[in-house]
Amino acid sequence: MSNQEDGAVPLLAARDLVKAHGRTEALRGATVELRPGEILAVTGASGSGKSTLLHCLAGIVRPDSGAVTYGGERLDRLPERRLSELRRTEFGVVFQFGQLIPELTALDNVALPLLLGGARRQEAQASAGEWLERFGVRGQEELRPGEMSGGQAQRVALARALVTGPKVVFADEPTGALDSLASEQVMSALTHTARESGTAVLLITHDAQVAAYADREVRLADGAVLPLEVGV
Ligand SMILES: Nc1ncnc2c1ncn2[C@@H]1O[C@H](COP(=O)(O)OP(=O)(O)OP(=O)(O)O)[C@@H](O)[C@H]1O
């Protein structure tokens, strides 16, 4: 039975996505589904279209054709304002280099999405502190990103992605810049916390050890998802 046909209702789905960057066709008919609470790894060679797929699914980039649906709603057709609200309230993102704000402390980086959502400073900081604790970086509250190790900074970035209670976290090579020990710590913190909170994760990686943390893996090649191998 294929992943697309086993009856589970997808939270987020891409169907036949096509996206070109200038003359480069990054996606050529990519179809993939993410179920509620599922941790899905998207793997594939460099240039196979993984990041472009993530950007389309996260509503950061609009596909040239095909459909992206989120909870049954056409994400690719939403007006920009509604899309950015949805990204802020329902999605969290983590990139290879956490992209924390260098001038802010760890605590303020994590509190920021809550403040942008209208929370009071004290509540936002209390909640940020709890999330830093969950990611094992309590005690680092007052450090700025430049004063932390890469693994600590990525755990702070994960706390920032999860602090608003998103339904989906998009993680693009979150361990790409880390050594194997830090990578394991980050992945185990991410998957443990996502499972605990029922957050779905779309995880892009080219590392098989990282992909092994996921519930399921799909592989991209030349901008399309490869069919499942029979008997695997
Ligand atoms: N903004 C852009 N402008 C031009 N070409 C782009 C742009 N973004 C991606 N591409 C091209 O589109 C193709 C797919 O890129 P994408 O980043 O989606 O692949 P990827 O699988 O994530 O690669 P990697 O593992 O190297 O990050 C590549 O040929 C890439 O060079």
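Please refer to the structure placed before this passage.
None of the values given here were measured: they were computed from a predicted structure. (Residues numbered from 1 in each chain as written. Predicted model: local features only at pLDDT ≥ 70, side-chain atom pairs only at ≥ 80, totals over all residues.)

Participant: Please give an account of the site of the ligand that cites residues and values.
Facilitator: In the vicinity of the ligand, 13 residues are found, and the nearest of them are H21, A26, S46, S51 and T52. Of all the elements in the fold, those that place two or more residues in the shell around the ligand are strand 2 (24-34) and helix 1 (50-57). Sorting elements by how many residues they give to the shell around the ligand places helix 1 first, with three residues. Looking at the shell around the ligand residue by residue, the classes come out as one nonpolar, 11 polar and one charged. (Near = placed C-beta within 6 Å. Helix = DSSP H or I, 4+ residues; strand = E, 2+ residues; numbered from the N terminus. Nonpolar A, V, L, I, M, F, W, Y, C, P; charged D, E, K, R; others polar.)

Participant: An account of the packing of helix 5 (residues 150-162) against helix 6 (residues 180-197) is requested, with residue identities and associated values reported.
Facilitator: Interhelical geometry of helix 5 versus helix 6 gives an angle of 15° and a closest axis separation of 9 Å. As far as their axial angle goes, helix 6 and helix 5 are roughly parallel. For the pair helix 5 and helix 6, the sense of crossing is right-handed. Counting all contacts with helix 5, which are made through G150, G151, Q154, R155, L158 and L162, the residues of helix 6 involved are A182, Q185, V186, A189, L190, T193 and S197. The class makeup of the residues in the contact of helix 5 with helix 6 is six nonpolar, six polar and one charged. (Axes fitted to C-alpha atoms, helices over the stretch in contact; angles between N-to-C directions. Parallel < 35°, antiparallel > 145°, perpendicular 65-115°, else oblique. Left-handed = near helix turned anticlockwise from the far one by under 90°. Contact = placed C-beta atoms within 7 Å.)

Participant: Explain the sheet that holds strand 1 (residues 12-21) to me, and be specific about the residues and the numbers.
Facilitator: The strand order 2-1-4-5 describes an open sheet built from four strands, whose pairing is antiparallel. Each end of this open sheet is capped by a strand with a single partner; those strands are strand 2 and strand 5 (73-74). As defined by bridge partners, strand 1 adjoins strand 4 (residues 65-70) across five bridges and the pair is classed as antiparallel. Residue pairing in the sheet places V18 in a bridge with S65 of strand 4. Sitting on the sheet, helix 1 touches strand 1, strand 2 and strand 4, and the angle it makes with strand 1 is about 120°. (Pairing = 2+ DSSP bridges.)

Participant: Run through the sheet that holds strand 3 (residues 39-44), naming residues and quoting values.
Facilitator: Read from one edge to the other, the open sheet built from six strands follows the order 6-7-8-3-9-10, with strand pairing classed as mixed. Among the strands making up the open sheet, the edge pair consists of strand 6 (91-94) and strand 10 (224-225). Both strand 3 and strand 9 (residues 216-221) contribute to a ladder of five bridges, which runs parallel. Bridge pairing in strand 9 links L40 to R216. On top of the sheet, helix 5 reaches strand 6 and strand 7 (168-172); it is set at about 165° to strand 6, its chief contact.

Participant: Explain the pairing of strand 4 residue by residue, including any values.
Facilitator: Pairing between strand 4 and strand 5: two bridges, direction antiparallel. Bridge pairing in strand 5 places Y70 opposite E73. The turn joining strand 4 and strand 5, which pair antiparallel and follow one another in sequence, is formed by two residues; a positive phi near 55° is taken by G71.

Participant: So, the pairing of strand 1: which residues are in play, and what are the values?
Facilitator: The sheet contact formed by strand 1 and strand 2 spans eight bridges and is antiparallel. Bridge assignment links L12 to a residue of strand 2, and that residue is L34. Counted between consecutive antiparallel strands, the loop separating strand 1 from strand 2 contains two residues, among which G22 sits at a positive phi close to 60°.

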